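Below are the chains, spelled out letter by letter.
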Amino acid sequence: MTQPTQPGQPYPHLLAPLTIGGLTLRNRVVMGSMHTGLEDHAWDLPKLAAYAAERARGQVGLIVTGGFAVSKRGWLKPFAGEMTSRMDAARHRQVTGAVHDEGGAIALQLLHAGRYGYTPISESASAGRSPITPFTARAMSSKQVDRTATAFAESARLAQKAGYDAVEVMGSEGYLINQFLAARTNHRDDAWGGTATRRMRFPVEVVRRTRELVGDDFPIVYRLSLLDLVEDGQTWEETVELALLLEDAGASVINTGIGWHEARVPTIITQVPRGAWSWTTRRLREELTIPVCASNRINTPELAEQLLADGTADLVSMARPLLADPEFVAKAAQGRADEINTCIACNQACLDHVFDNVRASCLVNPRACHETEVVLLPLPAARRRSVAVVGAGPAGLSAACSYAERGCAVTLLEADAEIGGQFRLAMRIPGKEEFAETLRYFTRRLEVLGVDVRLGTRADLEELAAYDEVVVATGVEPRIPDIPGIERAVPYADALLGARELGPRVAVIGAGGIGVDVAHWLTHVPETTDEWLAHWGVGDPSLHRGGLTEPKPRESAREVWLVQRKTTPIGVGLGKTSGWAHRAVLKQSGVRQVRGATYDLVDERGLHLRVDDVPQLLEVDDVVVCAGQESVRDLYDDLLAAGREAGRTVHLIGGADLAAELDAKRAIDQGLRLAASR
Ligand code: FAD
Ligand code: NAP
Ligand code: SF4
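Residues numbered from 1 in each chain as written. Chains lettered and ligands numbered in written order. Predicted model: local features only at pLDDT ≥ 70, side-chain atom pairs only at ≥ 80, totals over all residues. Heavy atoms only, no water.

### Section: the overall build of the protein
Definition in use: A run of H or I in DSSP counts as a helix once it spans at least four residues, and a run of E counts as a strand once it spans at least two, with each numbered from the N terminus. All radius of gyration figures rest on C-alpha atoms, and the globule criterion is 2.2 Å times the number of residues raised to 0.38. Only protein chains enter the accessibility calculation, which uses a 1.4 Å probe. A residue is then buried if its area is under 20% of the maximum for its type, exposed if over 50%, and partly exposed in between. When checking whether two residues touch, look at their non-hydrogen atoms; a contact exists if any pair is within 4.5 Å. In these tables, accessible area is a Shrake-Rupley quantity obtained with a 1.4 Å probe, and a residue counts as shielded only by the protein chains included in the view. Positive charges come from Lys and Arg alone, negative charges from Asp and Glu alone, with His and the N- and C-terminal ends not counted. Note on charges: their place is set at NZ of Lys, CZ of Arg, CG of Asp or CD of Glu.
The number of helices and strands found in the protein is 22 helices and 27 strands. In terms of overall size, the protein behaves like a compact globule, its C-alpha atoms giving a radius of gyration of 26 Å where 678 residues would be expected to give roughly 26 Å. Seen through its C-alpha atoms, the protein measures out along the principal axes to roughly 75 × 65 × 50 Å. In the protein, which comprises 678 residues, the proportion classed as buried is 60%. Once local pairs closer than 6 in sequence are excluded, the contacts in the protein between residues at least 24 apart make up 72%. If you sum the accessible surface of the protein, you get close to 26100 Å²; carbon and sulfur atoms cover 50% of it. Where the 74 positive side-chain charges of the protein centre and where its 87 negative ones centre are 5 Å apart.

Here is the structure:
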């Protein structure tokens, strides 16, 4: 195995080349597979090519595409992207060519979704429906299993013809290969099931047949599920046995997969501690001779370097961090790591989009997957105007940087002593500490672009008259509902900023995104990574099948009631791929939920309310208000009254534009698109 050392260079292990078969990677960074929504239609392939080329230009070692089906029955959804014909291979030449033109390397991921297929023609090891899909898969016959193993190999051969530098066999996250491996989903009694060894036969045949067709030098990466995190998953001993068989069958690299999609343990969202799963990769690496690749919640070059330097892994896979910043590797190599736009693991614009059948993008980088459509071209000198951006929340920060990138002279005026707006509150929530990285990024970006930042400056009309354009991004302020005694309550911003000390019993008015976050904050007891794993019931996979054990009860710092007027379940509006975990934490922390409330009074005894007209008193020390937000528009209205014409020289963006259903994704996107449209 190559020993990575490049003394005198930043991140010497991360930036060291690695030769795998006939392919030499320029560094150890793998862009992990992520479905973007650009894989499924031939007409989107030019966009996919531009997206991949931008990452190759940014010096990524190996890019892995989203999953391409090896057969129609392996589709993730109807008409999903596949690699099953010479026509497919020919079309993909534009993707591989674009990456090679930038000096990069790219692998095609081979996928069979099995019972995760969102199609009525899905098939699996045994008949059944997964908890996350509406269709019941039918059981494959022995002959069909045999044909499917060959289909993987044939797709790999086509990928080779398309110019791909490698393939990755998707053997994790609960897709077909996992469905063959686990007793949970494989109830066969033929040559492909019945015992652990027979259940392993399918993936081993996939790799063996692939190796036969692609020749000795073509790298085969196999994504192996190191922890299934589902009942009746594999044991550690079975996982190691499989890895050794795969190595023998011709796999060149083992990549790490953690948790099936149906697992009820979060594996990649913000609240998962950085590097939380790397111990599994380290443990596997001790058993193998081929390189292994770490993955999941690795989002900085420092952590990636450390995992390589301390022998945890030979390669590091990052998917979302390279959506967030295509120049991640180049910046690290050039000593500009402080300029990296760090992935905050929110899932809001990537996985949530994919699960909603919307093209993926990135909250902190809305250009991701829209590289050909949202372009910040430098403006001709005559159109480089002076621009005042008012408000340094996410919307204003995005607009200020985007205008400056186009060559405008930008002044950013912020009333507070710090940038960030509401985002500064968000980063105080346990598990959202990563949000601080976005403000670190913007602080540095403003500096690099030479934006004139004036903190502690409340913009007024006189000052703004000097600019050609004004962007009003004055954001939102908390709504204070009209409830008798509400002046005794604490607005969420004051609570989070520590303006008032809160007692041991607290009621929260409003259970939207912020109410849920505040309830989490109020109850949170700091935990180490090991404690976090224990709270989610993750145990040693040698002792517990699938790595699942009884969750350790969570302590709670306070007794909390979370209250809303609606009767719908609390937290239903949260993100598709993260909301369930936020709701689970509330439950684990003993947060009591009250729905269908009518508020009567806040007094020294607590919060008086009625549910179904039955009066109740929540005896609490404090009441925190999270009842939504209202736009801050006075400056905009004054500008209009003063005769500055809306839509031409004065623009309104972010929460100031629309407070309802506001989030940082919309705010940042709106700032970028405004500047791109000028
Ligand atoms: P704001 O963030 O409100 O920024 C407006 C800025 O303008 C402020 O800094 C203000 O001081 C300044 N300003 C106002 N008037 C003037 C003036 N006259 N002169 C100069 N400056 C002025 N969003 C997500 O997407 N995901 C999350 O997980 C998430 N979690 C959150 C958790 C919490 C606890 C909170 C409070 C918010 C969370 N949000 C989250 C919401 C997100 O922070 C907001 O949607 C976002 O900050 C709105 O951006 P904005 O720029 O429009 O407004
Ligand atoms: P929100 O989601 O709109 O929730 C507001 C809450 O206040 C609701 O529960 C509402 O419920 C209640 N409410 C509204 N008007 C009220 C009134 N007059 N009196 C009493 N209660 C009232 O807004 P938010 O929680 O302030 O969040 C703002 C935005 O930040 C969200 O839209 C969200 O996108 C973003 N955010 C996102 C996340 C995330 O994880 N993605 C996390 C935090 C925030 P009832 O009307 O039923 O009482
Ligand atoms: Fe990361 Fe959020 Fe961007 Fe997804 S949307 S890549 S999780 S920052």
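Back to the text.
### What about the sheet that holds strand S27 (residues 650-652)?
For clarity, the threshold we go by: Two strands pair if DSSP finds at least two bridges between them. Axis lines are fitted through C-alpha atoms, for helices just across the contact stretch, and the angle between N-to-C directions can take any value from 0 to 180 degrees.
Spatially, the five strands line up as an open sheet ordered S15-S14-S13-S16-S27, and their pairing is parallel. Here the strands that pair on one side only, and so sit at the sheet edges, are strand S15 (452-454) and S27. For this sheet, the mean angle separating the axes of adjacent strands, direction not counted, is 15 degrees. One ladder, built from five bridges, connects strand S13 (residues 386-390) with strand S14 (residues 409-413); its direction is parallel. By the bridge assignment, Val390 is partnered in S14 with Leu413. Against the sheet, helix H21 (residues 634-641) makes contact with S13, strand S16 (469-472) and S27, and its axis sits at roughly 150 degrees relative to S27, the strand it touches most.

### Topic: the packing of aromatic side chains
Rule in force here: Within 6.5 Å between ring centres, the rings of Phe, Tyr and Trp (the latter by its six-membered ring) count as paired, and their orientation is classed by plane angle as stacked under 30 degrees, edge-to-face over 60, tilted in between.
Going through the model one piece at a time under the given rule, you end up with eleven aromatic pairs. Centre to centre, the rings of Phe152 and Phe202 are 6.2 Å apart; their planes meet at 75 degrees, and the pair counts as edge-to-face. Taken together, the residues span a long stretch of sequence, with Phe152 in helix H3 (residues 142-161) and Phe202 in helix H6 (residues 201-214) at a distance of 50 residues. Residue Phe152 is classed as buried on the basis of its relative accessible area of 0%.

### Thoughts on the domain arrangement of the protein
Reports often express the size of an interface as the amount of accessible area lost when the parts come together. Test applied: For the domains described, the bounds stem from an automatic or database domain assignment. Note on definitions: buried area is the accessible-area loss of two parts on being combined, 1.4 Å probe, summed for both.
Each assigned domain of the protein is listed with its residue range as follows: domain 1 (18-339), domain 2 (381-478 + 631-677) and domain 3 (486-627). For domain 1 versus domain 3, the separation of C-alpha centres amounts to 37 Å. Opposite the 24 residues of domain 1 that make contact, domain 3 presents 19 residues. Here domain 1 and domain 3 share an interface that buries about 1900 Å² over both sides, 64% of which is from carbon and sulfur atoms.

### Side note on unusual backbone geometry
Keep in mind that most residues, glycine aside, have a negative phi and that most peptide bonds are trans. The backbone of Asp232 sits at a positive phi, close to 60 degrees, despite the residue not being glycine. For Asp232, the position within the fold is in the loop between strand S9 (220-227) and helix H7 (236-249). Its relative accessible area of 43% is what places Asp232 among the partly exposed residues. Unlike most non-glycine residues, Arg297 shows phi in positive territory, near 55 degrees. Tracing the chain through its elements places Arg297 in the loop between strand S11 (292-294) and helix H9 (301-309).

### Observations concerning the site of ligand 2
Here is the rule: Definition of nearness: a residue and a molecule or strand are near each other if at least one heavy atom of the residue lies within 4 Å of the molecule or strand. Polar contact is the term for a pair of N or O atoms within 3.5 Å; when the atoms are in protein, one must be able to donate a hydrogen and the other to accept it, and sequence-neighboring residues count only if both atoms are side-chain atoms.
Neighbouring ligand 2 are 21 residues, the closest being Ala511, Ile514, Arg565, Lys566 and Leu662. Lys566 is positioned such that a nitrogen or oxygen atom in its backbone is 2.8 Å from an oxygen atom of ligand 2. Taking 900 Å² as the accessible area of ligand 2 by itself, protein coverage stands at 77%. Considering each element in turn, the shell around ligand 2 owes the most residues, three residues, to helix H18 (residues 513-523).

### Some remarks on the nonpolar core
Our working rule: Residues enter a nonpolar core if they are buried and are Ala, Val, Leu, Ile, Met, Phe, Trp, Tyr or Cys, with the set joined through side-chain atoms within 4.5 Å.
Counting 155 residues, the largest nonpolar core has Phe202, Tyr222, Ile254, Trp277 and Leu284 as its most contacted members. In contact with Ile254, not counting residues within four places along its chain, are Tyr222, Leu224, Leu246, Leu284, Leu288, Ile290, Pro291, Val292 and Cys293. Membership of the second largest hydrophobic core comes to 23 residues, among which are Val490, Val506, Val508 and Val518.

### Structural notes on the packing of helix H13 (residues 394-405) against helix H15 (residues 435-449)
Put simply, the rule is: Our angle categories are set so that under 35 degrees counts as roughly parallel, over 145 as roughly antiparallel, 65 to 115 as roughly perpendicular, and the remainder as oblique. In this scheme the crossing of two helices becomes right-handed for a clockwise turn of the near helix relative to the far one and left-handed for an anticlockwise turn of less than a right angle. Residues are sorted three ways: Asp, Glu, Lys and Arg are charged, Ala, Val, Leu, Ile, Met, Phe, Trp, Tyr, Cys and Pro are nonpolar, and all the rest, Gly among them, are polar.
Relative to each other, H13 and H15 sit at 30 degrees, their axes nearing to 10 Å. The angle between H13 and H15 places the two elements in the roughly parallel class. The way H13 lies across H15 gives a crossing that is left-handed. Taken together, the residues of H15 that come into contact with H13 (itself represented by Leu397, Ser398, Ala400, Cys401, Ala404 and Glu405) are Leu439, Phe442, Arg445, Leu446 and Leu449. Split by residue class, the contact of H13 with H15 holds eight nonpolar, one polar and two charged.

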